[in-house]
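Single-letter residue listing:
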Amino acid sequence: MLNFVTRLTLCFCLCLVFLRAESPDEDDAHEAGRAGRAAKIEGVVTGTAIDQANQPVEFVAVTLKKPDGAVVQSVVTDSHGRFMVEKVPAGEYTLAYAPVGADNQITPPFRLDAQHPQRDFNQLKVSGDVLKLEKFEVREKQQAQMNAIDRKVYNVGKEIQSTSGSASDLLQNVPSVQVDIDGNVSLRGSDNVLILINGRSSTLMGRSRAEILQQLPADEIEKIEVITNPSAKYKPDGTAGIINIALKRKHTGGFSGTVNVSAGIDDRYSGGVSANYHQGPYNVFGSASLRQDDRLRQARDVRTIVDPVTGTVTQADKKTSEHSRPLTRLVRAGIDYAPDEHNQLGFTGNFNRRTFDRRATDQNISTNASGAITSDYDRLRFDPEYEQSLEFAGNWQHTFAEEGHELNLELRSSATDELEPNHYTNRYRTPAQPDSADNKIFRNTEHSSEAIVEYVRPLDDGAKFEAGYTRSADRLDADFLSQDLDLASGLFVTNAGQTNRFIFDGTIHAFYGTYARTFGRLGVLAGLRPELTYGKSRLVNTGAIIRNDYARVYPSLHLSYKLTDRHEFQLNYSHRVHRPESEDLNPFPEFIDPFNLRSGNPRLKPEDIHSIEAGYSFRQGATTLTSTLYHRYTYNAFTSITTDLGDAVLLTTRTNLGVSRATGLELTANTDVGKLLTLNFSSNTFFNTIDASNLGFSGTQSDVSWLAKTGATLHLPQNLLLQFNANYVSTRLTPQGSRGPSFYANLGLRRDIWNKKAAVVLTVSDVFNSLKETTVIDTPLLRENIDRRRSSRIVYLGFLYNFGSPPKKSKDDPLKFDNSL
C-alpha cells in the first residue's frame, strides 16, 4: 500500500510541476492575463492563388508555418483559387505555397493579434508553369507502424496473411506479441493481456478467445494497436497491457465490398463477404464469413514422481493424438444514422457459432521403480462440441459546435452458450479388465452487459479533458456433470462426488478523468481511474458463498517530448490489475482424465501491476526506429501450481505468487531498401525474477529471455508481392520450471490483377514445420516434460475481389485526411 501511495503522490507532483512551470509569477499576473487573452484570439488567413495571366489556380498546396518551421495547418486551393485557414491562434506566421511538382514560395512574415485578427492574401502569384489538372489524386505509402503518446499502431492491410489467414496469423507478426500452438496470446512474455475489438470489450474475446482468434478472418482487420501502458481512459485489466483489433469499417459514399475465398491442404477452406452502403445520413455495413479448419495435435507427457515418505520413484508416460475439424461462422452487421450534423445513432450486432467433433486417444503407461509396467491402457475421447455467442450494441454520439467537443453513450449486451460433452472409453491391457466408459459434460452460459458514458471537452491552449463512467456486469453459470457406465445395467450413472455447479456474479463501477496538453514540444497525458469491484462466487453443491469486493485507484501518466520532427522521447507509468476470472475461482475439480485434475481458487486475490516505460523513436522518410525500456513490478501474481495427489494423479490449481519483476528492452526497425524491398525487425529482451517463497520455494528464480521477429517484403514486376516472416522465442521461466524455445517462419505470394480490383494469394504457414511447445516442471518431488506439436505447415490458395465503388468526387470537394488512430 505504501508503494502505491508513493507512486500516486509522485504522479500528482509531476503534474503540478508541469502545470506550475507554465504558470506566471504573481508579479507578472497582469501581463500574463493580457498574453492569455491574446493567445485566445482565433484569426483567419485567406487568399487567392493566381498564375502569370492573373487567372485563379486550383490545387495549390498552402501551408501555414510558425517562424521555427513548424506546420500549423495545410489546405489546398479550390477551383476558384481560394483558400481559408481558420481558428489560427495569435502569433507570427509565414505562408508556403506551390502547385503540384513545383518549389515552395514563401510570403514575408506576418502577425495575427487582437488588432489584426484576419489576413487576406488577395493575389498570391504562382511562378513557373502550372499544370491544369482535371483530377488530383494524393497517394502516400501507408506506414507499417505509427507511434502515439500511449500506443503503437500496426497497419496490417499489406500483410499477405490478411487475405487467407486468421487474426492469430497477423498477431504473430506484431512486435512483442507471441501466439502459441493453441492460439493463446501473450505480450512481452505475459499471457495476461486484454484484447479489445474496436476499442471495446467483446464476447468474442471471452473464455474462448484463443479459438476465436484462430478462426477470425484476417481480411476483416484494418489495424492492430498495442497499448502496453494504457491511460486511465481504458480498463486497467491486463498485466502486459491491451491489444486492440480494429475491424474494417468504410464510410465512403456509395456501395462497395469485398469477396474472398481460400482453400488449403487437408480439406481446409474459408470464404467471406463484406459490404458497405453509405448514402445521405445512412451508413449500412455487414460481413459474413465461414472457415473450416483441420487440427492434428500430437503430445507426450512424461512424469517422474518421488514419494515424499518412502522416496520410491514411479514414472507415467502419456502419448496423445488428437484430431478435430472446427467450423466457424461469423456474422457482423450494423447501421449508422446521422439525422443532423451534430448527432449520430448506431446499432451493431455480432453472431458467432463454432462447432467441431474432437477425437483423441491417450496411451497411458505407468511403471514402478524397477521399470515394470503397472498400468497400460488407452483412453478414447469423442467430443461433439459447440459454442455460440450473440452480441448487440447501440450508441449515440452528440458533437457540439466546438470541434472535438462531444458526448458518447453506449449500451452493450451479450450472451454465450458453450457445451462440451466429452464421452470417454477406457481400454485396458495391464492389468486385464473389462472396458469402462464415462462422460464428462461441461455446460457454460455467460451473460454480460455494459453501459458507457464518455465526455470529451477541448480546452484553451490546445488542452483536452476527458471523463467517463462504465458499469459492467457479468454472470457465469458453470455446470459440470460426471457420469460412469454401470457395467451391470449398461446405463450411465451420475457420479455425485464429481458433479458440481458454480455461479459467479461480478459488477464493476469505473470512473475516469484524463487531461492532455502540450507545452511547446512537451506532451502530457495524465489520468485517474477509481473503480469499485463486487464479486460473488456461489458453490451450489455446498451452499457456500464467497465474496470478493475491493476498491482500487488506477493512475496513469504519459509524457512525450518531440525534440525534432524526427526524434521523440516518451516516458509513461500506469497501475494495472489482473482480476480472477470465473474459471480461476471455481474450486470444483475439472476431471480432464483420471491422472489430471484442474481446479480454481475462490480466494484468489487480484494481481496488481505497476508498469513504467521510457521510449525513443526516430523517423526519416520510410525508416522508423523505436526503442523502449520497461519495468513491471507485480505482487499477488497469478500462477499455476501442479501437485502430486498420489497414484500418479496430478492436480493443477491457481494461486498467488509473492512478487515478480520483469525488466526489458524492446527494439523495432522498419525501412525501405530502394523501391523494391521493405525490411522490418523487432526484438524483446527481458530479465524476469520470480519470488515464490510464499509457495514453499526457497529464494528467487530469475533468467533472461528474448524473442525476435524479422520480415521482408519484395515488390516484384507484374504486381507481384513476396513476403517472408520468421519468429523465434527463447526459453522462458515459470514458477516450477520453464518453457522451451520455439521457431517458425511464414511465406506468402500475392499478385494483383484486373487493375488491382482482385488478387490471387498463396501462403505457407510454418514453412520448416518447426513449431512446437515444450514445458518442464522441475521440483524435488515431481519432474515433468511435456512436448506438443500440431500440423503446422499449412498451405492456402486464396482469391480476393473488390466490387462496387463510391461515387466520384466533385472536383470542388475538399481533400479529406484521416489522422485518427
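Residues numbered from 1 in each chain as written. Predicted model: local features only at pLDDT ≥ 70, side-chain atom pairs only at ≥ 80, totals over all residues. Heavy atoms only, no water.

Student: For the overall build of the protein chain, give the residues involved together with the corresponding values.
Tutor: Helix and strand counts for the protein chain stand at six helices and 49 strands. Counting every position in the protein chain, which comprises 821 residues, the buried fraction comes to 47%. Sequence separation of at least 24 residues holds for 65% of the intrachain contacts in the protein chain that already meet a minimum separation of 6. With the model as given, the accessible surface of the protein chain reaches about 39,900 Å², and the carbon-plus-sulfur share is 56%. (Helix = DSSP H or I, 4+ residues; strand = E, 2+ residues; numbered from the N terminus. Buried < 20%, exposed > 50% of the residue type's maximum accessible area, 1.4 Å probe, protein only. Contact = heavy atoms within 4.5 Å. Areas by Shrake-Rupley, 256 points an atom, 1.4 Å probe, with all protein chains shown as cover.)

Student: Which residues make up the sheet that holds strand β4 (residues 82-89), and what values do they have?
Tutor: Hydrogen bonding along the main chain pairs the strands of a sheet, whether they run parallel or antiparallel. Pairing is mixed in the open sheet, where three strands are placed in the order β4-β1-β8. The open sheet is flanked by β4 and β8 (118-125), the only strands paired with a single partner. Pairs of neighbouring strands in the sheet enclose a mean axial angle of 15°, with direction left out of account. Here strand β1 (residues 42-50) pairs with β4 via six bridges, running antiparallel. Opposite Thr-46, over in β4, you have Met-84 as the bridge partner. (Pairing = 2+ DSSP bridges. Axes fitted to C-alpha atoms, helices over the stretch in contact; angles between N-to-C directions.)

Student: Can you lay out the pattern of salt bridges for me, pointing to particular residues and giving the numbers?
Tutor: Evaluation of the coordinates by the stated rule reveals 37 salt bridges. Put simply, Arg-654 and Asp-584 hold a salt bridge, and the shortest N to O gap is 3.4 Å. With a gap of 70 residues between them, Arg-654 in strand β38 (residues 649-656) and Asp-584 in helix α6 (residues 582-585) connect regions that are remote in the sequence. Each of the two residues, Arg-654 as well as Asp-584, counts as buried. One salt-bridge network, held together by shared partners, links Glu-322, Arg-358, Arg-381, Asp-383, Glu-385 and Glu-420. (Salt bridge = Lys/Arg side-chain N within 4 Å of Asp/Glu carboxyl O.)

Student: Provide a residue-level description of the nonpolar core, including the pertinent values.
Tutor: Counting residues in each nonpolar core, the largest one holds 27 residues, and the members touching the most others are Leu-171, Val-185, Leu-213, Ile-221, Ile-224 and Ile-243. Of all the elements in the fold, those that place two or more residues in this core are α4 (167-171), β11 (177-179), β12 (185-187), β13 (193-197), α5 (209-215), β14 (221-227) and β15 (241-247). Among the nonpolar cores identified, the runner-up in size contains 18 residues, and Leu-64, Val-75, Leu-95 and Phe-121 belong to it. (Core = buried A, V, L, I, M, F, W, Y, C linked by side-chain atoms within 4.5 Å.)

Student: With reference to specific residues and values, describe unusual backbone geometry.
Tutor: Here the residue pair Thr-430 and Pro-431 is connected by a cis peptide bond, since its omega of -10° sits within 30 degrees of zero. Residue position: Pro-431 is located in the loop between β24 (406-430) and β25 (436-458). We note that Gln-718 has phi near 60°; this positive angle belongs to a residue other than glycine. Residue position: Gln-718 is located in the loop between β41 (700-716) and β42 (720-729). Positioned with a positive phi, Trp-754 is a non-glycine residue whose angle comes to about 55°. Since its relative accessible area comes to 55%, Trp-754 is described here as exposed.

Student: Which residues make up the environment of Thr-507, and what are the values?
Tutor: Along the chain, Thr-507 turns up in strand β28 (residues 500-519). Put simply, Thr-507 and Arg-471 are 36 residues apart on the chain and 7.3 Å apart in space, counted from C-alpha to C-alpha. Apart from residues no more than four positions distant in its own chain, Thr-507 is found in contact with Arg-471, Ser-472, Ala-473, Leu-532, Thr-533 and Tyr-534.

Student: Please set out the pairing of strand β46 (residues 758-765) residue by residue, giving values where relevant.
Tutor: Side-chain positions along a regular strand alternate between the two faces of the sheet. Among the eight residues that make up β46, six are buried, leaving the element largely enclosed by the rest of the structure. As paired strands, strand β45 (residues 742-753) and β46 are joined by seven bridges and run antiparallel to one another. Paired with Asp-752 across the two strands is Ala-759, which belongs to β46. Between β45 and β46, which follow one another and run antiparallel, lie four residues, and Trp-754 among them has a positive phi close to 55°.

Student: Quick rundown of the packing of aromatic side chains? Include the residues and the values.
Tutor: In this description, an aromatic ring pair is defined by two values, namely the gap between the centres and the angle between the planes. Overall, the coordinates contain 14 aromatic pairs when judged by the stated rule. Where Phe-569 meets Tyr-616, the ring centres are 5.1 Å apart and the plane angle is 40°; that geometry is what we call tilted. Separated by 47 residues along the polypeptide, Phe-569 in strand β32 (residues 567-578) and Tyr-616 in strand β35 (residues 607-620) bring together distant segments of the chain. Using a relative accessible area of 39% as the deciding quantity, one classes Phe-569 as partly exposed. Each member of the aromatic cluster is reached from another via a ring pair, and the members are Tyr-93, Phe-110 and Phe-121. The ring of Tyr-424 carries Arg-379 above its face, with NZ or CZ at 3.7 Å from the centroid. (Phe/Tyr/Trp six-rings, centres within 6.5 Å; stacked < 30°, edge-to-face > 60°. Lys NZ or Arg CZ within 6 Å of the ring centre and 35° of its normal.)

Student: Let's hear about the confidence of the model for the protein chain: which residues, and what values?
Tutor: Regions with low pLDDT should not have their predicted coordinates read in detail. Per-residue confidence for the protein chain gives a mean pLDDT of 83, with 86% of residues at or over 70. Throughout residues 806-821 the model reports pLDDT below 50, and contacts reaching past four residues in sequence, or to other chains, amount to 21 contacts. (pLDDT = per-residue confidence, 0-100.)

Student: Which residues make up a nonpolar patch on the surface, and what are the values?
Tutor: On the surface, a cluster of nonpolar side chains totalling about 1,000 Å² of accessible area is made up of Phe-255, Tyr-277, Tyr-282, Val-284, Val-331, Ile-335, Tyr-337, Leu-345, Phe-347, Phe-351, Leu-390 and Phe-392. Looking at the nonpolar patch, the elements that each hand over two or more residues are β18 (282-292), β21 (327-340), β22 (343-367) and β23 (373-399). The exposure class assigned to Val-284 is partly exposed, which follows from its relative accessible area of 36%. (Patch = residues over 30% accessible without salt bridge, like charges linked within 9 Å, V, L, I, M, F, W, Y side chains within 5 Å.)

Student: Give me the lowdown on the side chain of Glu-391, citing residues and values where you can.
Tutor: By the element assignment, Glu-391 lies in strand β23. At a separation of 3.4 Å, a polar atom in the side chain of Glu-391 contacts the side chain of Arg-412. The contact partners of Glu-391, leaving out residues within four places of it in the chain, are Ser-201, Ser-202, Thr-203, Thr-348, Gly-349, Asn-350, Arg-412, Ser-413 and Ser-414. (Polar contact = N/O pair within 3.5 Å; in protein donor to acceptor, adjacent residues only side chain to side chain.)

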